[in-house]
Amino acid sequence: MTASLASVELESLSRESETYRARYDQDTTSTSIAVVAAMANILGVDPLELDQLYHTINTDALDKLGQVQGTPDGAVDISFPFEGYAITVSSDGVVALSPPDHDRTCVRDTGVTNE
């Protein structure tokens, strides 16, 4: 599991919204592992110290998101809470994590913003 965790990199932090953006390699890392790795990086803890992600969301369904190539309208996003953060995962290999007081996290290439 450690090798997969290494392929998730925090790219940016929007100081205004306190939202972190991480990109992961969809060819080598499952979406669920990317979420756990990004959260562990942000919190500065071992991934095994986090709650089990499958208690929050169906991880098999989440992992299939990484296999979706998007739609004619763009990438497919899914949002859910985990470890006190609002998580938004995009089918283009981006995970955005923001504190729960933010209504919606946007993970588009233009950066992380609240809408």
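The structure under discussion appears in the preceding block.
Described below are features of the structure shown in this document. (Residues numbered from 1 in each chain as written. Predicted model: local features only at pLDDT ≥ 70, side-chain atom pairs only at ≥ 80, totals over all residues. Heavy atoms only, no water.)

Counting 23 residues, the largest nonpolar core has Val35, Phe80, Ile87 and Val89 as the members making the most contacts within it. Among the elements of the structure, strand 2 (19-24), helix 2 (31-43), helix 3 (59-65), strand 3 (77-82), strand 4 (85-90) and strand 5 (94-98) are those that each provide at least two residues to this core. Ranked by residue count, the leading element in this core is helix 2, at 8 residues. (Core = buried A, V, L, I, M, F, W, Y, C linked by side-chain atoms within 4.5 Å. Buried < 20%, exposed > 50% of the residue type's maximum accessible area, 1.4 Å probe, protein only. Helix = DSSP H or I, 4+ residues; strand = E, 2+ residues; numbered from the N terminus.)

Relative to the helices and strands, His55 is located in the loop between helix 2 and helix 3. Under the relative-accessibility criterion, His55 is labelled exposed at 61%. On a C-alpha basis, the gap between His55 and Phe82 in space is 9.4 Å, while along the polypeptide they are 27 residues apart.

Let us now look at the environment of Ala61. Assignment of secondary structure puts Ala61 in helix 3. Exposure remark for Ala61: the relative accessible area of 48% places this residue in the partly exposed category. Along the chain, Ala61 and Ser32 lie 29 residues apart, while their C-alpha atoms are 9.3 Å from each other.

Relative to the 18 Å expected for 13 residues at 1.5 Å per residue, helix 2 spans 18 Å between its end C-alpha atoms, a close match to the ideal helical length. The element helix 2 is largely enclosed, with a buried count of 10 among its 13 residues. Looking at helix 2, one finds that the buried residues are Thr31, Ser32, Ala34, Val35, Val36, Ala37, Ala38, Met39, Ala40 and Ile42. Directly after helix 2, the chain includes Gly44, whose backbone phi takes a positive value near 70°. (Expected span 1.5 Å × (residues − 1).)

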